[in-house]
Amino acid sequence: MTTPRTPPPLPGAAPPVGPGSPQDMPPLPGSLAVDPATLPPPIRDELLAPDPVALDTSAAELKDGLNRCPKCGSSDIRHVLGTDVLVCQYCRNEWHGDRIEEAFGLGVGIADLRGDVIASGARAIDADAASLMSFKCTGCGAEVTINTESTMTARCHWCRHVFGVNEQVANGAVPDAVLPFKVSKTDAVARIRQFVDKRRFFALKAFKTEFTPENVIGVYLPYMVVDSNASASVVGRGEIETRRYTRGTEKNKKTYYDADVYHVERQLDFTVDDLPLESSARRGRLDVKANTNNVINTILPFDTKNALKWNASYLVGYSSEKRDVDIEQLRPRLEDQLLSIARSRMETSVQRYDRGVRWDMEKVDVHGSRWVSMYVPVWLYSYRQRGKGMLHYIAVNGRTGETMGSVPVQQWKLLLAALGVGTVVEGAVLWFLGMSI
């Protein structure tokens, strides 16, 4: 009689491990390899955040580098200063550029933004992208090369075709939009001259001798223009004065006050439309010991609502700077600007605290943002101060004419002026006291 054998053991509760096991397999599409609930909140939020949405603003009809007149086909196109119009230099036909707001639905739906919406001209810069771009001329077959480090247009030296860099290469040279110049060079020169004339008395003698505002240069500067849907919360202490009194005698008098102290909290949901952020590292470095390029911020704002779809023809005759800063580098500045805006909007709600409010904790949450790269127009005059090596700038907003700048001054004249003002004020006080006796 044969004894029955014991059946083999069933697999245990623990899943198999090793090569080919479920742990060794990649997760299914759309699923995560880990449970987000087990992760720290910052990592979990970043992991679950929606992927950036791309907004394609490229113009397919301009990728060959030629912007042709719709009437005669000529590529010799110029911008009509003072307008947003392009004109054909051959048949004099004129047409208007498309506003980017209407073309891509910008400026609407800001309250519904979630995650990042990044226009194609604002995408991350590829460090390996070349600055030289070559176009094959359809007129004669010659090859035309454009160095995007210094210019965005070039003319074929054989058949005179005009080429422009309109394809959005990943080197930061081609933005999504351009805001054309409205202020002429003549007007800019007059504004700079007027600005300096008001400060001429204090200016260095060398500066007055070498001042040549005709050397002003028209340049397009790169900015990121951001729409944002955000929330801000602040916590602090506010004081309301209840009594004020003085103690002591004569020179030992001191004023004291009593106040009720309150715990103050505020929370705000808000949206921001077209917030400009400099996207040039060189212009963003505000080293006041070496240059005064911070004057660019003083001539804001630009009427970015009137920006047009990118077309290199608007840059003919002007210089430009490439964008060299990516969105991730600009996020801290964006959050700082949003927090400043939130504080300003909360100000009316804390006016009852007449002794002021000190915010001990501040936080801003950006629920969604939309990033568009844009060129804005600036007339720029520069002067390098001898000895110190300080580079002074005077800037004119190419749209509004707003002017601000820095003029090197003679310190002894400022000191004399300060002493003179002090003497006049002191004399007026003594005269008043004499009349009162």
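Note that the structure is a prediction, hence the values are computed from the model and not measured.

So, how was this worked out
- Residues numbered from 1 in each chain as written.
- Predicted model: local features only at pLDDT ≥ 70, side-chain atom pairs only at ≥ 80, totals over all residues.
- Heavy atoms only, no water.
- Helix = DSSP H or I, 4+ residues; strand = E, 2+ residues; numbered from the N terminus.
- pLDDT = per-residue confidence, 0-100.
- Contact = heavy atoms within 4.5 Å.
- Expected span 1.5 Å × (residues − 1).
- Bend = angle between axes of the 7 residues up to and from the residue.
- Buried < 20%, exposed > 50% of the residue type's maximum accessible area, 1.4 Å probe, protein only.
- Phe/Tyr/Trp six-rings, centres within 6.5 Å; stacked < 30°, edge-to-face > 60°.
- Lys NZ or Arg CZ within 6 Å of the ring centre and 35° of its normal.
- 1 Å grid on protein atoms, 1.4 Å probe; cavity = no way out; pocket = protein on both sides within 12 Å on 5 of 7 lines; lining within 4 Å.
- Points joined across faces, edges and corners; volume = space filled by probe spheres on them.
- Nonpolar A, V, L, I, M, F, W, Y, C, P; charged D, E, K, R; others polar.
- Salt bridge = Lys/Arg side-chain N within 4 Å of Asp/Glu carboxyl O.
- Core = buried A, V, L, I, M, F, W, Y, C linked by side-chain atoms within 4.5 Å.

**Student:** For this particular structure, what's the right way to read the environment of Gly317?
**Tutor:** Topologically, Gly317 is positioned in the loop between strand S13 (308–309) and strand S14 (319–320). Sequence spacing of Gly317 and His79 is 238 residues, and the spatial spacing of their C-alpha atoms is 9.5 Å.

**Student:** Can you walk me through the confidence of the model for the chain in this structure?
**Tutor:** Low-pLDDT portions of the prediction should not be read for the details of their coordinates. Summarising the model, the chain shows a mean pLDDT of 83, and 83% of its residues fall at 70 or more. Taken as a whole, residues 427–437 scores under 50 in pLDDT and shows zero contacts with residues more than four places along the chain or in a different chain.

**Student:** Explanation requested: helix H7 (residues 327–346) in the structure shown.
**Tutor:** Spacing of three or four residues puts side chains on the same side of an α-helix, whose turn is 3.6 residues. In a regular helix each residue adds 1.5 Å, so 20 residues correspond to 28 Å; H7 covers 28 Å between its end C-alpha atoms and thus fits that length. Its axis deflected by about 25 degrees at Arg333, H7 carries its strongest bend there. Along H7, the residues classified as buried are Ile327, Leu330, Leu334, Leu338, Leu339, Ala342 and Met346.

**Student:** So what exactly am I meant to see when it comes to the packing of aromatic side chains here?
**Tutor:** Each aromatic ring pair is characterised by the separation of its centres together with the angle its planes make. Under the defined criterion, the tally for this structure stands at 12 aromatic pairs. Taking 5.0 Å as the distance between ring centres and 85 degrees as the angle between the ring planes, the aromatic pair formed by Phe207 and Tyr383 counts as edge-to-face. Pair noted here: Phe207 is in helix H4 (residues 205–210) and Tyr383 is in strand S15 (residues 357–384), with a separation of 176 residues, a long-range link. The pair Phe207 / Tyr383 is uniform in exposure class, with both members buried. Measuring from centroid to centroid gives 5.7 Å for Trp310 and Tyr375, while their planes differ by 70 degrees, and the two rings are edge-to-face. One end of the pair, Trp310, is in the loop between S13 and S14; the other, Tyr375, is in strand S15, and 65 residues separate them in sequence. Neither residue differs from the other here; Trp310 and Tyr375 are each classed as buried. Grouping aromatic residues by their ring pairs yields a cluster made of Phe181, Tyr220, Trp310, Tyr318, Tyr375 and Trp379. Over the aromatic face of Tyr262 sits the side chain of Arg352, whose NZ or CZ is 5.8 Å from the ring centroid.

**Student:** In this structure, what is going on with the layout of surface pockets? I would like to understand it.
**Tutor:** Empty space left among the atoms is revealed by rolling a probe the size of a water molecule over them. In this model, the second largest pocket occupies a volume close to 270 Å³. Lining the second largest pocket are 16 residues, and of these Glu61, Leu62, Asn67, Trp95 and Asn311 lie nearest its centre. Partitioned by chemical class, the residues of the lining of the second largest pocket number eight nonpolar, four polar and four charged.

**Student:** Just to check I follow, could you spell out the pattern of salt bridges for this structure?
**Tutor:** Side chains carrying opposite charge are able to pair once their charged atoms draw close together. Scanning the model with the defined rule gives 20 salt bridges in all. Note that Arg99 is salt-bridged to Glu102, the shortest N-O span being 2.8 Å. Exposure remark for Arg99: the relative accessible area of 29% places this residue in the partly exposed category. Glu102 gets classed as exposed once you look at its relative accessible area, which sits at 54%. Several salt bridges converge on common partners, so that one network encompasses Glu101, Asp273, Asp274 and Lys305.

**Student:** Mind showing me how you'd approach the nonpolar core here?
**Tutor:** Nonpolar side chains in soluble globular proteins tend to be buried together. Counting 44 residues, the largest nonpolar core has Phe163, Phe207, Tyr220, Trp310, Leu315 and Trp379 as its most contacted members. Counting residues per element, the ones that place at least two in this core are strand S3 (85–88), strand S6 (132–136), strand S7 (143–147), helix H3 (185–197), S15 and strand S16 (391–397). With five residues, the single largest contributor to this core is H3. When neighbours within four sequence positions are excluded, Phe163 is seen to be in contact with Asp64, Gly65, Leu66, Phe135, Lys136, Cys137, Val144, Ile146, Met152, Thr153, Ala154 and Cys156.

**Student:** What am I meant to see in the environment of Asn294 here?
**Tutor:** For Asn294, the position within the fold is in the loop between helix H5 (281–284) and helix H6 (295–298). On the basis of relative accessible area, Asn294 is assigned to the partly exposed category, the value being 32%.

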